[in-house]
Amino acid sequence: MVWHNVEIEDIFAHLSTDKKGLSESEAEKRLVIYGLNEIVEKKKRTVFQMFLDQFKDLMIVILLLASVVSGILGELGDTIAIIVIVILNAIIGFIQEFRAEKAIEALKKMTSTRTVVIRDGEPKTIETRYLVPGDIVHIEAGNIIPADMRIIEAHQLKIEEAALTGESVPVDKTEKTLREKDLAIGDRRNIAHKGTLVTYGRGIGIITETGMETELGKIASMIQEQGEVKTPLQKRLAQFGKKLSLAVIAICLIVFVFGLLRGENPIVILLTAISLAVAAIPEALPAVVTISLALGAKKMVKQNALIRKLPAVETLGSVTYICSDKTGTLTLNKMKVEEVYSKGQILKEFNNQNIEDLLIKACAISNDAKRSPDGSVIGDPTEVALYNFAFQLGAEKEHLEKLYKRIFEIPFDSDRKCMTTIHSWDDRYISITKGAIEVLVEKAEKVMIDGQIKPLDKEELNRVANRMAKDGLRVIGYGVRFFDTLPDDKGSENIEHSLTIIGLVGLMDPPRDEVIEAVRVCKEAGIIPVMITGDHPLTAYNIAKKIGIIDEYDEKSVITGRELEKLDMNEFERRVLDIRVYARVAPEQKLKIVKALQDKGQFVAMTGDGVNDAPALKRADIGIAMGITGTDVSKEASHMILLDDNFATIVKAIKEGRRIFDNIRKFIKYTMTSNSGEIWTIFLAPFLGLPIPLLPIHILWINLVTDGLPGLALAYEKSEREIMKRPPRHPKESIFAQGLSYHIIWVGLLMGAVSLFSQAWAIKTGHSHWQTMIFTVLCLSQMGHVLAIRSEKDSLFTIGIFSNIPLILAVMSTFVLQLATIYVPVLNRVFKTEPLTAEELIFCLALSSVVFIAVEIEKLIKRRVNLVK
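Just so you know, the residues in each chain are numbered from 1, in the order the chain's sequence is written. Thresholds applied to this predicted model are a pLDDT of at least 70 for local features of residues and 80 or more for the giving and counting of side-chain atom pairs; totals over whole chains, interfaces and linings are not thresholded and use all residues. As a rule here, side-chain values come from all non-hydrogen atoms in the structure, and water together with hydrogens is ignored.

### Quick word on the overall build of the protein chain
When you go through the protein chain residue by residue, the secondary structure sums to 33 helices and 26 strands. Scored against the burial criterion, the 869 residues of the protein chain give a buried share of 55%. Any two residues whose heavy atoms approach within 4.5 Å at even a single point are treated as in contact. For the protein chain, long-range pairs separated by at least 24 residues make up 71% of all intrachain contacts whose partners lie at least 6 apart in sequence. Element-wise, carbon and sulfur atoms account for 57% of the exposed surface of the protein chain, whose accessible area totals about 38,500 Å². Each helix is a run of H or I in the DSSP string that is no shorter than four residues. Each strand is a run of E no shorter than two, and both are numbered from the N terminus. Think of it in three bands: with a 1.4 Å probe and only protein chains considered, a residue is buried below 20% of the maximum accessible area for its type, exposed above 50%, and partly exposed in between. The accessible surface values rely on the Shrake-Rupley method and a 1.4 Å probe; as for residues, cover is taken only from the protein chains in view.

Right, dumping it as structure tokens:
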């Protein structure tokens, strides 16, 4: 059906619906018929394909081929053992990858959008994916259109359709039927298309197409490319892995050549070299990073921070500035009228005798808050406060609306800083304009006192507004204008002038208690909190001082939107690092703030909730949308969503981001040091005149049991004691910075030296079990190492041995499995091991603890150095 040609009544008939919407039961039936309202992604890999992909690595293929050749030449046991370990390794790799995909899918589901729909005659918010043709949907500025719909009501509705047409100028929408049949998408002015953005006004539509049947779905079916989630850290590690692979292969070639020159069995030395390469190349690193980030992101949801894009988790630890909206984020978002200026005086206690009757009525009828069936008032917090104020003084909105019907409205926008409604008023019409007092003063000429119209003293009114703002109040001015006939031109320029001021209302939104502590933690962590608000400068300063963002008012630390507009970028950049409060700022100016801070080398987290905030959220290093008050557009542009709109949650997320990054570093430190120890052990043995220390099966086994559970368990390590007392990490800083690369080299060398010492001692003292001993020492040294690196500076005994139960269980499991290879007869034959005597086992355990002791001494030195500093 060509929906833009059809009359609305015919669409209702065709889709068997009406303005009361579908019933829940009918919607469920249609969901079965039409399917979910989703863009179907290209076919994903099956579980079996994911498993087979674990064997694509070239070194694994070479190892398998070499082991088969070994079996043909008579070493069938070795062949079976190697194949079994490779399969076990593949299973672990598959589980890691599968978990990563599932975690990312879970994150996608969490970030799904929601839509207001009429079901069974009542408005209801549902997940967008459950919309069906025939649903009646409410849309307003900030929404993303959830499916293709025919508009049945439009109130100054404008939609930006660049996603489909490439035209960035918003299109005025209408409910009128269009007669031309072959209209381009951009000309279908009575149709709203899935994925486009409502930039202005509001409307109601009837869903006509969903999912792949929408215009967006048709385009998606032609391209169908699903980008792989890769974070900057993953990419850097993947590049590092390629370089490391070349170095490891070169070392393995040297080991192979030396082995041949020493007369070793060619097949055995070949398998040893290949096994070493397989064990030493950290091909699992990018996958482990994905798992750590995804699991960390899932954990953040419990703290009310929903991560939309995985790179945000690593960037969180680099944030140097948090630019936060005030209302609802730094404050409770529960407004209450505290003072009123009416009849020429400021009132802290008021009744319907000492306040202009017209002001009380204006607070009630120029208001979009509504009383719900359960008796509560719902709507914007400021509107709710004004509704309650009028109601307490005897002005019931629902009754007054029938007397003074709203005929037209000019919605609030950040440029005008006001909104206007037009109502019938007996035999005349009245426009009620409310907004920022400094804006209304410029639009007004007169003032009403005791019902009498008098000339306006603008200086006096500004003095009163400043006096109220100094108390931390948000001051809203009300101005009216009467018309004998309804103007043809209802634009803001024609309506919003020659106003009569009828009063000022001062509201208070107190700061959240937890924000004061969060601001203090920010400062300790080297992060500068900045307040951005549309409020009066004095109101903004008052709140900022209460929560600790600012100490004393001065010209350097507070700036208004008008002052900001006058500054060119160079001049603003010279001042930007001193500013802590931005007052009367338009959302568009947030982008200028972000750019200036980034140009000065800062890494910026920026909050926002409106359509106009989207460019700043996209540009910020961490764009943070509000989960409660945020529009769909702001959420789509963001990296993170605050589910509770609370500033303190941002600080918690930064702490969690730092913890996750620390734990990724610990995993890299652990696995790379382990690989380093294995390489040094095999590589240095020939130069010391020692036989090949380990068999291929030993190398693969150590890689299997040490890289698996213990490494992953590091992701559950708690945050460091002073994690929020150190400066932010530069995001371009190498993962191997701060001594990590030196640690990998010297501890790896120590691990190799201890292992080779056990071999040399055993051979010299006539212990025939020398290969089992070095096998055990190398494996258990890695367990000692993983316990020691649980903290960068604190001792294992300070943080608590059992403070990471998964890791302790993993270490114990590895220990038991290693003992099984030594003392279980069946495994003796598989691993070519022999049972150790009690003396030999104690000797191996003592040597294995050397690495643990050495790393603990390293941390002790770090603590002492820090104390001296």
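There's plenty left to go through after this.
### Concerning the pairing of strand S17 (residues 444–449)
The pairing of S17 with strand S20 (residues 499–508) spans 3 bridges and is classified as parallel. Bridge assignment links Ala444 to a residue of S20, and that residue is Leu499. Criterion used throughout: strands pair if DSSP finds at least two bridges between them. Pairing geometry for S17 and strand S18 (residues 452–455), over 4 bridges, is antiparallel. Bridge pairing links Val447 to Lys454 in S18. What sits between S17 and S18 in their antiparallel hairpin is a turn of 2 residues, with Asp450 showing a positive phi close to 55°.

### Points about the pattern of salt bridges
Just to be clear on terms, a salt bridge is a Lys or Arg side-chain nitrogen sitting within 4 Å of an Asp or Glu carboxyl oxygen. Counting across every chain of the model gives 41 salt bridges. The closest approach of N and O atoms between Glu26 and Arg30, which form a salt bridge, is 2.8 Å. Linking Glu26 with Arg30, this pair stays in helix H2 (residues 24–34), spanning 4 residues, or about one helical turn. We classify Glu26 as partly exposed; its relative accessible area is 26%. Where Arg406 meets Asp368, a salt bridge forms, and the shortest distance between an N and an O atom there is 2.9 Å. One end of the pair, Arg406, is in strand S14 (residues 406–413); the other, Asp368, is in the loop between helix H12 (357–365) and strand S12 (370–371), with 38 residues separating them in the sequence. On the basis of relative accessibility, which here comes to 23%, the residue Arg406 falls in the partly exposed class. Judged by its relative accessible area of 40%, Asp368 is partly exposed. Here the residues in one salt-bridge network are Glu24, Arg119, Lys124 and Asp135, joined through shared partners.

### What about unusual backbone geometry?
One can expect most non-glycine residues to show negative phi and most peptide bonds to be in trans. Non-glycine residue Lys417 carries a positive phi angle of around 60°. Take Lys417: it is sitting in the loop between S14 and strand S15 (418–425).

### With respect to the sheet that holds strand S9 (residues 321–325)
Backbone hydrogen bonds hold the strands of a sheet together, and the pairing may be parallel or antiparallel. The strand order S8-S26-S25-S24-S9-S21-S23-S22 describes an open sheet built from 8 strands, whose pairing is mixed. Bordering the open sheet on either side are strand S8 (305–307) and strand S22 (558–560), each of which pairs with just one other strand. Neighbour-to-neighbour, the strand axes of the sheet open up by a mean angle of 20°, direction not taken into account. Of the pairings in the sheet, the one linking strand S21 (residues 528–532) to strand S23 (residues 581–583) comprises 2 bridges and is parallel in character. Directly across from Met531, in S23, lies its bridge partner Val581. Geometry is summarised by axes, namely lines fitted to C-alpha atoms with helices restricted to the contacting stretch, and by angles between N-to-C directions that run from 0 to 180 degrees.

### Focus on the packing of aromatic side chains
Only rings of Phe, Tyr and Trp enter the pairing, Trp through its six-membered ring, and a pair is recorded when the two centres are within 6.5 Å. The plane angle decides the type: under 30 degrees is stacked, over 60 is edge-to-face, the rest tilted. Tallied over the full model, the rule gives 9 aromatic pairs. Measuring from centroid to centroid gives 4.9 Å for Trp701 and Phe831, while their planes differ by 65°, and the two rings are edge-to-face. Taken together, the residues span a long stretch of sequence, with Trp701 in helix H26 (residues 696–707) and Phe831 in helix H32 (residues 825–831) at a distance of 130 residues. Measuring from ring centre to ring centre gives 6.3 Å for Phe797 and Phe852, while their planes differ by 90°; the resulting arrangement is edge-to-face.

### Thoughts on empty space enclosed by the protein
The distinction between a cavity and a pocket rests on a 1 Å grid over the protein atoms alone: a 1.4 Å probe fits inside a cavity but cannot get out, while a pocket stays open yet meets protein on both sides within 12 Å along at least five of seven lines, and a residue with an atom within 4 Å of a point counts as lining. Grid points are joined across faces, edges and corners, and a volume is the space filled by probe spheres set on the points. One pass over the structure, following the stated rule, counts 2 cavities of 30 Å³ or more. Its volume calculated, the largest cavity comes out at about 60 Å³. Counted by class, the lining of the largest cavity contains 8 nonpolar, 1 polar and 2 charged residues. Here the second largest cavity defines a volume of roughly 40 Å³. Together, Tyr341, Ser342, Lys343, Gly344, Val447, Met448, Ile449, Ile501, Ile502 and Gly503 line the second largest cavity. Sorting the residues of the lining of the second largest cavity by element identifies strand S10 (336–342), S17 and S20 as the ones contributing at least two each. Looking at the lining of the second largest cavity residue by residue, the class counts come to 6 nonpolar, 3 polar and 1 charged. When residue character is reported, Ala, Val, Leu, Ile, Met, Phe, Trp, Tyr, Cys and Pro are called nonpolar, Asp, Glu, Lys and Arg charged, and the others, Gly included, polar.

### Topic: the pairing of strand S2 (residues 122–127)
Taken residue by residue, a regular strand's side chains alternate between the two faces of the sheet. Relative to S2, strand S1 (residues 114–119) runs antiparallel, the two sharing 6 bridges. By the bridge assignment for S2, Val116 is matched with Thr125. What sits between the antiparallel neighbours S1 and S2 is a turn of 2 residues, in which Asp120 has the positive phi angle 55°.

These values are about where atoms sit, not about what they do.
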